[in-house]
Amino acid sequence: MTATPVPDTVRIALGPRSYDVLIGRELLGRTASYSELPAGADAVIVTNTTVGPLYAPALLEALSPLYRRVLRVDLPDGEEHKDWPALNRIFDALLAAGCDRKTVLFALGGGVIGDMTGFAAACYMRGVPFVQVPTTLLAQVDSSVGGKTAINHPLGKNMIGAFHQPVRVIADLDVLASLPQREIAAGLAEIIKYGPIADAAFLDWLDDHLSGLVERDASAMAHAIRRSCEIKAQVVAADERESGLRAILNFGHTFGHAIEAGLGYGQWLHGEAVGCGMVMAAELSRRLGFIDGAYAARLGDIVRRAGLPVRGPALGADRYLELMRLDKKAEAGEIRFVVIEAPGRASVRAASDALVREVIAACTG
Ligand code: NAD
Ligand code: GLY
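Predicted, not measured: the structure shown is a model, and the values here were computed from it.

Another point: the overall build of the chain. The secondary structure content of the chain amounts to 12 helices and 11 strands. Against the globule reference of 21 Å for 365 residues, the chain gives a C-alpha radius of gyration of 20 Å, in line with a compact fold. Projecting the C-alpha coordinates of the chain onto the three principal axes gives extents of approximately 60 × 45 × 35 Å. With 365 residues in all, the chain has 56% of them scored as buried. For the chain, the computed accessible surface area is about 14,700 Å², with 53% contributed by carbon and sulfur atoms.

In structure tokens form, the structure reads like this:
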């Protein structure tokens, strides 16, 4: 008989809203992963038409001993369905089944399902508990942790949302096996980001272990996911509602969001745009005099080896600037960027349009 693997645990310390992230193998289908959650009669698995057929039956079986009923809602797959009609389908299912305010929601999917289920949990009967069961690498290292929930509005991404922390996060390494390689690379972008902003030694480790991560080596993945969650835990514990420090988690995102919006959502994955955006933000940091060319080049090389684009599309500097003025960090029309002040340390700074134009000229096309 083989022993059950013991998961790693990362604690997100937020006083009464504290919770654990469990990271390991064979977690999703194990009833013990869900022990001691808030008690309720009903569990509702919210998933999509891609992930549901793969993993919902195992989750349903694991939850069945713990709840009177386990219901399932399958939403359409895709960022374009992170919207009011899809959100309403969750409320329709909960109300039609007579789910009460002790119902526990389970988000089974990537960041889209996690963000939408979290928002539904924040709103349903003014707030019910929810569990994140992230199935993409990006969701395991970033979106499932920290309590940001949202849907998109036609005029802006993630513009309608709430802070609502999950009561547990279950990051099962085994589900990464079915992810397309492009999605693995997109998740690696959010892992790489933690090195320059918070942990210089972690970037060294990533440099040495990148090929293992690209090939989904389980022990390399476990380490990268745990370290990413630890760093995110520290940042979120210090600034849960992003009044300052938490903004550093958006390294590469100002350029990245402009790329996503400028090309039209869905052309590049979010993580691909963030990967390229980090290269551009590193170039900005170099031109501001914070880091040297060797460090910026090294970061670019790591991004490239992860399988991510390192040159931005030729949208034109005017269009980049126009799109970046819509960024949530912009203040009074002034664009603000997360810059690397030194390896492992970041801050939010304004930069002149002239300097940003230089970066765009050097890094796009
Ligand atoms: P996603 O949720 O769209 O998932 C990517 C694709 O992979 C989808 O087609 C999905 O169905 C599929 N998939 C998921 N798990 C799979 C598996 N195990 N096997 C096979 N296919 C699988 O995208 P994502 O990259 O996970 O998340 C992006 C979203 O996350 C964006 O909406 C972004 O705004 C949000 N986000 C939120 C935060 C936050 O802090 N809340 C942080 C970063 C990103
Ligand atoms: N992904 C950015 C944040 O959680 O703040």
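Read on for the rest.
Bringing the site of ligand 1 into the picture now. Contacts to ligand 1 come from 25 residues, most closely from Glu79, Gly111, Thr135, Thr136 and Ser178. Contact between ligand 1 and Asn48: an oxygen atom at 3.0 Å from a side-chain N or O atom of the residue. Between ligand 1 and the protein, one listed contact pairs a nitrogen atom with a side-chain N or O atom of Thr135 at 2.7 Å. Relative to its unbound accessible surface of 870 Å², ligand 1 loses 88% to contact with the protein. Elements with a contribution of two residues or more to the shell around ligand 1: α1 (51–63), α3 (111–123), α4 (137–143) and β8 (156–163). Among the residues making up the shell around ligand 1, the classes are represented as seven nonpolar, nine polar and nine charged.

One pass over the structure, following the stated rule, counts six aromatic pairs. Ring plane angle 15° and centroid distance 6.5 Å describe the contact between Phe91 and Tyr124, whose orientation is recorded as stacked. With Phe91 in helix α2 (residues 84–96) and Tyr124 in the loop between α3 and β6 (130–134), this residue pair connects regions lying 33 residues apart in the sequence. Through successive ring pairs, a cluster of aromatic residues spans Tyr34, Tyr67 and Phe106.

Another point: the packing of helix α5 (residues 181–198) against helix α6 (residues 200–214). Axis separation between α5 and α6 bottoms out at 8 Å; the angle between their running directions is 165°. Taken together, α5 and α6 sit at an angle that is classed as roughly antiparallel. Taken as a pair, α5 and α6 cross one another with a handedness that is left-handed. Together, Gln181, Ile184, Leu188, Ile191, Ile192, Tyr194, Gly195, Pro196 and Ala198 of α5 and Ala200, Phe202, Leu203, Leu206, Leu213 and Val214 of α6 make up the contact between the two elements. Considering only residue class, the contact of α5 with α6 consists of 13 nonpolar, two polar and no charged.

With that out of the way, let us pick up the site of ligand 2. Close contacts around ligand 2 come from Asp142, Lys148, Lys232, Glu242, Arg246 and Leu249, and that covers them all. In the environment of ligand 2, an oxygen atom lies 2.6 Å from a nitrogen or oxygen atom belonging to the side chain of Lys232. With respect to ligand 2, the side chain of Arg246 contributes an N or O atom lying 2.7 Å from an oxygen atom. Protein coverage of the free-state accessible area of ligand 2, which is 200 Å², stands at 88%.

Our next topic: the sheet that holds strand β1 (residues 8–12). Spatially, the seven strands line up as an open sheet ordered β1-β2-β9-β6-β5-β3-β4, and their pairing is mixed. Each edge of the sheet is formed by a strand with only one pairing partner; in this case those strands are β1 and β4 (69–75). Ignoring which end each strand starts from, the neighbouring axes of this sheet average 15° apart. Where β6 lies against strand β9 (residues 168–172), two bridges are found, and the strand directions are parallel. Residue pairing for β9: Val131 is matched across the bridge by Arg168. Against the sheet, α1 touches β3 (42–48), β4, β5 (104–109) and β6, its axis set at about 165° to β3. Where helix α7 (residues 218–238) meets the sheet, it contacts β1 and β2 (19–24), and its direction lies at approximately 15° from that of β1.

What follows covers the nonpolar core. Soluble globular proteins: nonpolar side chains tend toward being buried together. Counting 79 residues, the largest nonpolar core has Leu137, Leu213, Phe255, Met280, Met324 and Phe337 as its most contacted members. Sequence-distant contacts of Met324, defined by excluding residues within four places in its chain, comprise Thr254, Phe255, Ala258, Ala330, Ile335, Phe337, Val356 and Ile360.

Quick look at the pairing of β6 now. Where burial is concerned, most of β6 is hidden: five out of the five residues are buried. The alternating pattern of β6 places Phe130, Gln132 and Pro134 and Val131 and Val133 on opposite faces, both of which are buried. Bridge count between β5 and β6: five bridges; the pairing is parallel. By the bridge assignment for β6, Ala107 is matched with Gln132. Following the backbone out of β5, through α3 and into the adjacent parallel β6, one traces a crossover that is right-handed.

Analysis parameters
- Residues numbered from 1 in each chain as written.
- Chains lettered and ligands numbered in written order.
- Predicted model: local features only at pLDDT ≥ 70, side-chain atom pairs only at ≥ 80, totals over all residues.
- Heavy atoms only, no water.
- Helix = DSSP H or I, 4+ residues; strand = E, 2+ residues; numbered from the N terminus.
- Rg over C-alpha atoms; globule rule 2.2 N^0.38 Å.
- Buried < 20%, exposed > 50% of the residue type's maximum accessible area, 1.4 Å probe, protein only.
- Areas by Shrake-Rupley, 256 points an atom, 1.4 Å probe, with all protein chains shown as cover.
- Near = heavy atom within 4 Å.
- Polar contact = N/O pair within 3.5 Å; in protein donor to acceptor, adjacent residues only side chain to side chain.
- Nonpolar A, V, L, I, M, F, W, Y, C, P; charged D, E, K, R; others polar.
- Phe/Tyr/Trp six-rings, centres within 6.5 Å; stacked < 30°, edge-to-face > 60°.
- Axes fitted to C-alpha atoms, helices over the stretch in contact; angles between N-to-C directions.
- Parallel < 35°, antiparallel > 145°, perpendicular 65-115°, else oblique.
- Left-handed = near helix turned anticlockwise from the far one by under 90°.
- Contact = heavy atoms within 4.5 Å.
- Pairing = 2+ DSSP bridges.
- Core = buried A, V, L, I, M, F, W, Y, C linked by side-chain atoms within 4.5 Å.
- Right-handed = clockwise from strand over helix to strand, strands pointing away.

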